[in-house]
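Observations on the model geometry
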Amino acid sequence: MLETAELHFNVDHGYLEGLVRGCKASLLTQQDYVNLVQCETLEDLKIHLQTTEYGNFLANETNPLTVSKIDTEMRKKLCREFDYFRNHSLEPLSTFFTYMTCSYMIDNVILLMNGALQKKSVKEVLAKCHPLGRFTEMEAVNIAETTSDLFKAVLVETPLAPFFQDCMSENTLDELNIELLRNKLYKSYLEAFYKFCKDHGDVTAEIMCPILEFEADRRALIITLNSFGTELSKEDRETLFPTCGKLYPEGLHLLAQAEDFEQMKRVADNYGVYKPLFEAVGGPGGKTLEDVFYEREVEMNVLAFNRQFHYGVFYAYVKLKEQEMRNIVWIAECISQRHRTKINSYIPIL
Amino acid sequence: MEVSALREELDSMFLQLLSDLEELEAKRAALNARVEEGWLSLAKARYAMGAKSVGPLQYASRMEPQVCVRASEAQDGPQTFRVIKADSQTPEELGPREASLRRRKGPTKTQESGASVVPQDPLNWFGILVPHSLRQAQASFRDGLQLAADIASLQTRITWGRDQLRGLQKRLKELDPGPA
């Protein structure tokens, strides 16, 4: 079977693939992280970052430098790069990019709704929204009282519209319902993205589908872990699990019945990919399940760069960049709190 | 003799003061450790949830406290501070004077503005499904609150003890002007 990707991928997307590989090469190295860990203050951190690809991105910041400002500026830089990719892309890569931004849009919608619940001003919340997830109707989100309001009045024109099918209800949006809404939207989004990649076929499907399957299973496991001891019922819990992963259907069903970490572990032990991950939890470094999952995600994203002529490199680059931002924010927090025992718990991107 | 009784009282008061000071040091170290733990757990929660999901956007600017401090004064003793839940009914104190209820702005984690009758758990400001590190942070800050009240009581007791000690020493000098 002739692989058609190599024949005409470069016509439309070759320039961007070359660009993203160049960007990937300028991610922080282990030596950079060693230098950052030795900083005593956030100003030192800023100076060290100036020698890397980040350059003078903090040059316009007024004193005092806070971790939150560093995070905001890093996000803006990522957004500029991503916008450049997006503006130069053709179909179907443009649809792929749109799918990538949907997850940030969902986060922004939830942030805005929570802000409305806490009676925050829209401008204050807008400043903290993720720039990758911006859409034109953002300011109007806080006027919605129920989910159907939200859909009909605000989001029907955005790319999020098709994900609202399972979430329409007349319940008022309080904390529980906002959490349910967030997870249901994300579930629909992930399943739609998975279908898009699978239908596209070729190398993109080969690379992206395992990554998205892992993402779906990871969401199911983390939701289960965090729901122990809360008011979320087991039936509600099961409706939040995305179904495009390896755990579907038996694993998800068992997971919905789990009541503590041990039971969850036993469910995961049935799957060869997840057994070693659960065994790495705890251990000498005190790793949490989230840490172990982030490590696995980094592994899969780095491997995506070993194949050519697929869209997965763009997704992988953005995710690796996000991990790098998480690492820098963690190191910055440890420095500013002067609590250096766990400063080496970042995940280096090799 | 009155002098020797006075000396004994002075000695026991002094010993009490020293043991209070030791306890104060230990409690201060414990409070520092709890607060540091709490902030680190918050940083871990930000790592897991995203840096903007755990921050000043998530709580309202006006909030009702969940715990309050009640100061009470015994007739001839120092003031003590107790941390109590804001909505519980406390029994009347036996002292002659009931000190007024003081509102205390503790760490933001334990304060909450509730529209409902039952004050909400501030953990729910960050969503229903919160990572374990956030719960740990809440537990650390709660312990810290209790320690802070104990430290306040200990400090007033130490100042009161010092004054008592000075008073006793003066009386001793009057009764026994020789080398004391």
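The model shown is predicted, which means the values in this text are computed figures rather than measured ones. (Residues numbered from 1 in each chain as written. Chains lettered and ligands numbered in written order. Predicted model: local features only at pLDDT ≥ 70, side-chain atom pairs only at ≥ 80, totals over all residues. Heavy atoms only, no water.)

So, on to the packing of aromatic side chains. Any aromatic ring pair is given by two values, namely how distant the centres are and how the planes are angled relative to each other. Residue and element names in this part refer to chain A. Scanning the model with the defined rule gives 25 aromatic pairs over all chains in all. Between Phe214 and Phe293 the ring centres are 5.8 Å apart and the planes differ by 75°, which places this aromatic pair in the edge-to-face class. On the criterion of sequence distance, the pair formed by Phe214 in helix α9 (residues 202-227) and Phe293 in helix α14 (residues 289-304) is long-range, its members being 79 residues apart. In this structure, Phe214 and Phe293 share a single accessibility class: buried. Stacked on the ring of Phe305, the Lys or Arg Lys24 has its end atom at 5.1 Å from the ring centre. Between the NZ or CZ atom of Lys77 and the centre of the ring of Tyr54, over which it lies, the distance is 5.3 Å. (Phe/Tyr/Trp six-rings, centres within 6.5 Å; stacked < 30°, edge-to-face > 60°. Helix = DSSP H or I, 4+ residues; strand = E, 2+ residues; numbered from the N terminus. Buried < 20%, exposed > 50% of the residue type's maximum accessible area, 1.4 Å probe, protein only. Lys NZ or Arg CZ within 6 Å of the ring centre and 35° of its normal.)

Bringing empty space enclosed by the protein into the picture now. Rolled over the atoms, a probe with the dimensions of a water molecule shows which regions are left empty. The tally for this structure, following the rule as stated, stands at five cavities of 30 Å³ or more. In this structure, the largest cavity occupies an estimated 1300 Å³ of space. Residue lining of the largest cavity: 48 residues in total, with A:Asp107, A:Tyr294, B:Ala48, B:Met49 and B:Gly50 positioned closest to the centre. If you list the elements that add at least two residues to the lining of the largest cavity, you get α4 (67-87), α5 (93-117), α8 (175-200), α9, α14 and α15 (312-337) of chain A together with α1 (2-49) of chain B. For the lining of the largest cavity, the class distribution of residues is 21 nonpolar, ten polar and 17 charged. (1 Å grid on protein atoms, 1.4 Å probe; cavity = no way out; pocket = protein on both sides within 12 Å on 5 of 7 lines; lining within 4 Å. Points joined across faces, edges and corners; volume = space filled by probe spheres on them. Nonpolar A, V, L, I, M, F, W, Y, C, P; charged D, E, K, R; others polar.)

For the rest of this paragraph, the subject is the pattern of salt bridges. Residues and elements named next belong to chain A. Counted under the stated rule, the structure contains 26 salt bridges over all chains. We note a salt bridge from Glu73 to Lys76, for which the minimum N-O separation is 3.3 Å. Note that Glu73 and Lys76 are positioned in helix α4 at a spacing of three residues, about one turn of the helix. According to the relative accessible area criterion, Lys76 is partly exposed, its value standing at 37%. (Salt bridge = Lys/Arg side-chain N within 4 Å of Asp/Glu carboxyl O.)

Right, let's talk about the nonpolar core for a bit. Formed by 131 residues in total, the largest nonpolar core has its most connected members in A:Leu45, A:Phe96 and A:Phe193. It is α15(A) that contributes the most residues to this core, 15 residues altogether. Among all residues touching A:Phe96, those that are not within four sequence positions of it are A:Phe193, A:Phe196, A:Cys197, A:Met208, A:Tyr311 and A:Tyr315. The next biggest cluster of nonpolar side chains, apart from the first, holds twelve residues, and it includes B:Val3, B:Met13, B:Ile158 and B:Leu172. (Core = buried A, V, L, I, M, F, W, Y, C linked by side-chain atoms within 4.5 Å. Contact = heavy atoms within 4.5 Å.)

This part is about α4(A). The terminal C-alpha atoms of α4(A), which comprises 21 residues, lie 30 Å apart, in line with the 30 Å expected from a rise of 1.5 Å per residue. What α4(A) keeps buried is the set A:Val67, A:Ile70, A:Asp71, A:Glu73, A:Met74, A:Arg75, A:Lys77, A:Leu78, A:Cys79, A:Glu81, A:Phe82 and A:Phe85. (Expected span 1.5 Å × (residues − 1).)

Moving on, we get to the side chain of A:Glu297. Considering the arrangement of structural elements, one finds A:Glu297 in helix α14. Setting aside anything within four residues of it in sequence, one finds A:Glu297 in contact with A:Phe214, A:Glu215, A:Arg218, A:Lys319 and A:Arg326.

The UniProt feature table records "coiled-coil region" (unreviewed entry) at residues 7-34 of chain B. In the segment residues 7-34 of chain B, helix accounts for 100% and strand for 0%; the C-alpha atoms at its two ends are 41 Å apart. (UniProt positions renumbered as here; feature names shortened; annotations may be inferred.)

Turning our attention to the interface of chain A and chain B. The accessible area lost on association of the parts is a frequent measure of interface size. With 35 residues of chain A at the interface, the matching set in chain B holds 26 residues. Ranking the residues of chain A by area buried against chain B places A:Gln118, A:Glu175 and A:Trp330 at the top, with a combined share of 20%. One can count two salt bridges joining chain A with chain B. Note that A:Asp71 and B:Lys52 form a salt bridge whose closest N and O atoms lie 2.9 Å from each other. For the pair chain A and chain B, the interface holds 15 residue pairs in polar contact (both at pLDDT 80 or more). Among the elements of the structure, α4, α6 (122-128), α8, α9, α14 and α15 of chain A are those that each provide at least two residues to the side of chain A that touches chain B. For the side of chain A that touches chain B, the class distribution of residues is ten nonpolar, twelve polar and 13 charged. (Buried area = accessible area lost by both parts, 1.4 Å probe. Polar contact = N/O pair within 3.5 Å; in protein donor to acceptor, adjacent residues only side chain to side chain.)

Here we take up the pairing of strand β3 (residues 79-85) of chain B. Residues and elements named next belong to chain B. Here strand β2 (residues 67-73) runs beside β3; their pairing, made up of seven bridges, is antiparallel. Residue pairing across strands places Val69 opposite Val83, the latter belonging to β3. Linking β2 to β3, which pair antiparallel, is a turn of five residues. (Pairing = 2+ DSSP bridges.)

Turning our attention to the environment of A:His200. All names here are of chain A. Of note, His200 is situated in helix α8. Sequence spacing of His200 and Pro92 is 108 residues, and the spatial spacing of their C-alpha atoms is 8.8 Å. Apart from the residues within four sequence positions on either side, His200 is in contact with Pro92 and Tyr311.

Residues and elements named next belong to chain A. In this model α9 runs 38 Å from its N-terminal to its C-terminal C-alpha over 26 residues, within 8% of the 38 Å that 1.5 Å per residue would give. The largest bend in α9 amounts to roughly 25° and is located at Met208, with the proline Pro210 lying one to four residues further along. Counted residue by residue, α9 has 21 buried out of 26 residues, so it is predominantly covered. Backbone geometry just after α9 places Gly229 at a positive phi near 85°. (Bend = angle between axes of the 7 residues up to and from the residue.)

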